[in-house]
Amino acid sequence: MTLAEQYVAFMTILRKEIRRYLRIWPQTLLPSAITMSLYFVIFGSLIGSRIGEMGGFTYMQFVVPGLIMMAIVTNSYSNVVSSFFGSKFNHSVEELLVSPVPHYVILMGYVVGGVTRGLFVALVVTLVSLFFTRLHIHSYLVVILVVLMTSTLFALAGFINAVFANSFDDISIIPTFVLTPLIYLGGVFYSMDLLPDFWAGVSRLNPLVYVVNAFRYGVLGVSDVSLGFALGMIGFFTVLAFVYSMHLLGSGKRLRQ
Amino acid sequence: MIPALTIENLAKTYADGFEALKGISLEVKQGDFFALLGPNGAGKSTTIGIICSLIAKSGGTVKVFGIDIDVDFPLAKKAIGIVPQEFNFNTFEKAFDIVVNQAGYYGLPHGLAKERAEKYLKALGIWDKRDVQSRMLSGGMKRRLMIARALVHEPKLLILDEPTAGVDIEMRRAMWDFLRDINAKGTTIILTTHYLEEAEALCRNIAIINHGSIAENTSIKELLRQLRREVFILDCIETLPGQVAIPGFDVRRLDEHTLEVAVEKGQQLNAVFAGLDSAGIHISSMRNRANRLEEMFVNLVEGGA
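Residues numbered from 1 in each chain as written. Chains lettered and ligands numbered in written order. Predicted model: local features only at pLDDT ≥ 70, side-chain atom pairs only at ≥ 80, totals over all residues. Heavy atoms only, no water.

Quick look at the overall build of chain A
Here is step 1 of the chain: Across its full length, chain A holds eleven helices and two strands.
Here is step 2 of the chain: The secondary structure elements of chain A, listed N-terminal to C-terminal, are α-α-α-β-β-α-α-α-α-α-α-α-α.
Here is step 3 of the chain: Over its C-alpha atoms chain A spans a radius of gyration of 19 Å, differing by no more than 12% from the 18 Å that the globule rule assigns to 257 residues.
Here is step 4 of the chain: With respect to the three principal axes, the spread of C-alpha positions in chain A is 60 × 35 × 35 Å. (Helix = DSSP H or I, 4+ residues; strand = E, 2+ residues; numbered from the N terminus. Rg over C-alpha atoms; globule rule 2.2 N^0.38 Å.)

What follows is the structure, encoded as structure tokens:
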């Protein structure tokens, strides 16, 4: 395929993906907006007002970056895992496999679809947060970089999950039993400084700690971890996930007999 | 002229050890209407799956219009349109979107994709269902949707895996006319079907796969010439006597108005009529007991030909 044809194929997959989550917006976009609003009300306003400052900011200001990042991670992941597994389940993935679309275009189409949903929901959550607090962006560059890298990483992770999944149970196990606990323990609601040394050390094994803190640095200018190290970790795992996803598509594992 | 499809020593052994294809070879000429027949599990769908990349081969070569799929599969895929046996589209998408998206996967710009989708949805008589979610379509409409989807990039080779399964007779005839038309315009067609009258009506050449090997690969005319025995059903005007015999023929009385007569290769039907006429039996109509290709097919797959 020529580059122009590949671009058409990419845009076709992307358009299909965006249409899919917009068509079922009560399942895809609304829940995050409602859940995050509840977090803002309960943790930010009601409980947060009694907690006082954290990291030099009001508790509400402290949790907002983490909650936005939580929405980005869960939405970019779940969009790709449910869409790609769905196409495996109803065999419509064969439409792509019989066509001349290169594997990287297929992957990019699904991943960018997941990224756009992550960004869409992040925008909604950010707008909702403005009802509760004022946001000052410390570094737009870091915010944009972290959002794009993180949503790409978790969209790729969703893709890998979808390739291995054999049933709808398999696409909910990772988000429920791995992703959600890691997010909650990733410093969304608290600073690592509050943890005893041992648990702070254990927390540093959690990749979500770097994601949340890098984004918090971009918004508030404070972080529990080094920004450079955090970006390096996110970048490393993104490249790793991309290479592995390409390997899965190339080998046809779980896709071709 | 380069063949539309060349398969040499194609082999497939699945992970569970089942040997679906045992090194088959066949060639389909450009412009041909080719039937790929065989009993369930013979290896037809495996062969098609390998040609269109849904199944990885274990050995052998496949060339589509001279392009080796091991060398440039994307280029080979551009020449192929596939209509699979099972419905394989997103049932929540609209018929029009399914066809337009497929065109996009082949790199057709969005405007052209829409034009082509309209052209083929109209040609297959489902344009008025374009905005209907595909799950709401009838079985016959779903089959036609898959044909429109396979044609949207205007492939030179169209492969149909049981395209008329579950389709009513009227619709099947309409699909036959459509396929004859696109074949006449130059599209090479490979068809698998369990309706042998369909293969006989449409196809010029045939390969029969059995247990992963090619049992026969010839023209349909030549295959039918090999038929050693045909059985005819004769409807008689008068009530038949208890015993009917025609010298040299195997005759069975099915009921008081129906006879079954077996005619071996080399025997003449005239002799049957002469024998019946001399016995005072007059025939109002006659037909083959089974489709002639079906008789041949059964002989081949049961090893009795």
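A short note on the sheet that holds strand β10 (residues 213-219) of chain B
Residue and element names in this part refer to chain B.
Here is step 1 of the chain: Pairing is mixed across the open sheet formed by six strands, whose spatial order is β6-β7-β8-β3-β9-β10. The sheet is open, and its two borders are formed by β6 (80-83) and β10, each paired with just one other strand. When strand polarity is set aside, the average angle formed by the axes of neighbouring strands in this sheet is 15°.
Here is step 2 of the chain: Judged from the four bridges that link them, strand β3 (residues 33-37) and strand β9 (residues 205-210) form a sheet pairing that is parallel. Directly across from leucine 36, in β9, lies its bridge partner alanine 207.
Here is step 3 of the chain: Contacting β3, β7 (157-161) and β8 (188-192), helix α6 (residues 169-184) crosses the sheet at an angle of about 145° to β8. (Pairing = 2+ DSSP bridges. Axes fitted to C-alpha atoms, helices over the stretch in contact; angles between N-to-C directions. Contact = heavy atoms within 4.5 Å.)

Some details on the sheet that holds strand β14 (residues 283-288) of chain B
Across a sheet, strands are paired by hydrogen bonds formed along the backbone, either parallel or antiparallel in direction.
Residue and element names in this part refer to chain B.
Here is step 1 of the chain: An order of β12-β13-β11-β14 is seen for the four strands of this open sheet, with the pairing classed as antiparallel. Both outer strands of the open sheet, β12 (250-255) and β14, are each paired with one neighbouring strand and no more. Neighbour-to-neighbour, the strand axes of the sheet open up by a mean angle of 25°, direction not taken into account.
Here is step 2 of the chain: Taken together, the five bridges between strand β11 (residues 229-236) and β14 define a ladder with antiparallel strand orientation. Along β14, the bridge assignment pairs cysteine 236 with isoleucine 283.

Comments concerning the pattern of salt bridges
Here is step 1 of the chain: Under the defined criterion, the tally for this structure stands at 13 salt bridges over all chains.
Here is step 2 of the chain: Of the charged contacts in the structure, one is a salt bridge between lysine 16 of chain A and glutamate 17 of chain A, with a shortest N-O distance of 4.0 Å. This pair shows no difference in class: lysine 16 of chain A is buried, exactly as glutamate 17 of chain A is.
Here is step 3 of the chain: The partner of lysine 122 of chain B in a salt bridge is glutamate 118 of chain B, with the nearest N and O atoms 2.5 Å apart. In this pair, lysine 122 of chain B and glutamate 118 of chain B both sit in helix α4 (residues 110-123), four residues apart, roughly one turn of the helix.
Here is step 4 of the chain: Since its relative accessible area comes to 45%, lysine 122 of chain B is described here as partly exposed.
Here is step 5 of the chain: Exposure remark for glutamate 118 of chain B: the relative accessible area of 29% places this residue in the partly exposed category.
Here is step 6 of the chain: Because the salt bridges share partners, they merge into one network encompassing Arg116, Lys119 and Glu154 of chain B. (Salt bridge = Lys/Arg side-chain N within 4 Å of Asp/Glu carboxyl O. Buried < 20%, exposed > 50% of the residue type's maximum accessible area, 1.4 Å probe, protein only.)

Digging into the nonpolar core
Here is step 1 of the chain: If you look at the biggest cluster of nonpolar residues, it comprises 165 residues, and the most contacted ones within it are Leu67 of chain A together with Leu37, Val62, Val64, Leu145, Leu158 and Leu293 of chain B.
Here is step 2 of the chain: Ranked by the residues each element gives to this core, the list is headed by helix α4 (residues 59-89) of chain A, at 17 residues.
Here is step 3 of the chain: Of the domains in this structure, domain 1 (5-224) and domain 2 (226-301) of chain B are the two that each give at least three residues to this core.
Here is step 4 of the chain: Setting aside anything within four residues of it in sequence, one finds leucine 67 of chain A in contact with Met36, Tyr39, Phe40, Val188 and Phe189 of chain A.
Here is step 5 of the chain: One finds Phe232, Val261, Leu276 and Ile281 of chain B within the second-largest nonpolar core, a separate group that totals 14 residues. (Core = buried A, V, L, I, M, F, W, Y, C linked by side-chain atoms within 4.5 Å. Domains from an automatic or database assignment.)

Some remarks on the confidence of the model for chain B
All names here are of chain B.
Here is step 1 of the chain: Across chain B, the average pLDDT comes to 88, with 96% of residues at or above 70.
Here is step 2 of the chain: Mean pLDDT in chain B bottoms out at helix α10 (residues 292-301), which sits at 70, and peaks at helix α3 (residues 95-105), which reaches 95.
Here is step 3 of the chain: Taken together, the chains of this predicted complex give a pTM of 0.84 and an interface ipTM of 0.86. (pLDDT = per-residue confidence, 0-100.)

Some thoughts on the pairing of strand β13 (residues 258-264) of chain B
Residues and elements named next belong to chain B.
Here is step 1 of the chain: Of all seven residues making up β13, six are buried, and the element is well covered by its neighbours.
Here is step 2 of the chain: Note: β12 against β13, five bridges, orientation antiparallel. Residue pairing across strands places aspartate 250 opposite alanine 262, the latter belonging to β13.
Here is step 3 of the chain: Two successive antiparallel strands, β12 and β13, enclose a turn made up of two residues.

Some details on the pairing of β9 of chain B
Residue and element names in this part refer to chain B.
Here is step 1 of the chain: Judged by how many residues are buried, β9 sits mostly within the fold: five of six residues are covered.
Here is step 2 of the chain: One ladder, built from six bridges, connects β9 with β10; its direction is antiparallel. Across the sheet, the residue bridging to asparagine 205 is serine 219, located in β10.
Here is step 3 of the chain: If you look at the hairpin formed by β9 and β10, you'll find two residues sitting between the two strands, and histidine 211 has a positive phi there, around 50°.

Some details on the domain arrangement of chain B
Interfaces are frequently sized by the accessible area removed from exposure as the parts join.
All names here are of chain B.
Here is step 1 of the chain: Examined at the domain level, chain B breaks down into domain 1 (5-224) and domain 2 (226-301).
Here is step 2 of the chain: The gap between the C-alpha centroids of domain 1 and domain 2 is 38 Å.
Here is step 3 of the chain: Taken together, the contact between domain 1 and domain 2 spans 16 residues of the former and ten residues of the latter.
Here is step 4 of the chain: Taking both partners together, domain 1 and domain 2 bury about 1200 Å²; carbon and sulfur atoms supply 64% of that area. (Buried area = accessible area lost by both parts, 1.4 Å probe.)

Some remarks on a nonpolar patch on the surface
Residue and element names in this part refer to chain A.
Here is step 1 of the chain: Together, Trp25, Leu30, Ile34, Leu38, Val41, Ile42, Leu46, Ile47, Ile51, Phe131 and Phe132 give the surface a local cluster of nonpolar side chains, amounting to about 1000 Å² of exposed area.
Here is step 2 of the chain: The element contributing the most residues to the nonpolar patch is helix α3 (residues 30-51), with eight residues.
Here is step 3 of the chain: Locating tryptophan 25 in the fold gives a position in helix α2 (residues 25-28).
Here is step 4 of the chain: With relative accessibility at 47%, the residue tryptophan 25 sits in the partly exposed group. (Patch = residues over 30% accessible without salt bridge, like charges linked within 9 Å, V, L, I, M, F, W, Y side chains within 5 Å. Areas by Shrake-Rupley, 256 points an atom, 1.4 Å probe, with all protein chains shown as cover.)

Focus: the packing of aromatic side chains
All names here are of chain A.
Here is step 1 of the chain: Considering all chains together, one arrives at 16 aromatic pairs over all chains under this definition.
Here is step 2 of the chain: On the numbers, 4.9 Å between centres and 90° between planes, the contact of phenylalanine 85 with phenylalanine 168 is edge-to-face. One end of the pair, phenylalanine 85, is in helix α4; the other, phenylalanine 168, is in the loop between α7 (140-164) and α8 (170-184), with 83 residues separating them in the sequence.
Here is step 3 of the chain: Between phenylalanine 198 and tryptophan 199, the ring centres sit 5.0 Å apart and the planes meet at 80°, which makes this aromatic pair edge-to-face.
Here is step 4 of the chain: Overall, phenylalanine 198 belongs to the exposed group, its relative accessible area being 57%.
Here is step 5 of the chain: Within the aromatic cluster, the residues linked to one another by ring pairs are Tyr39, Tyr184 and Phe189. (Phe/Tyr/Trp six-rings, centres within 6.5 Å; stacked < 30°, edge-to-face > 60°.)

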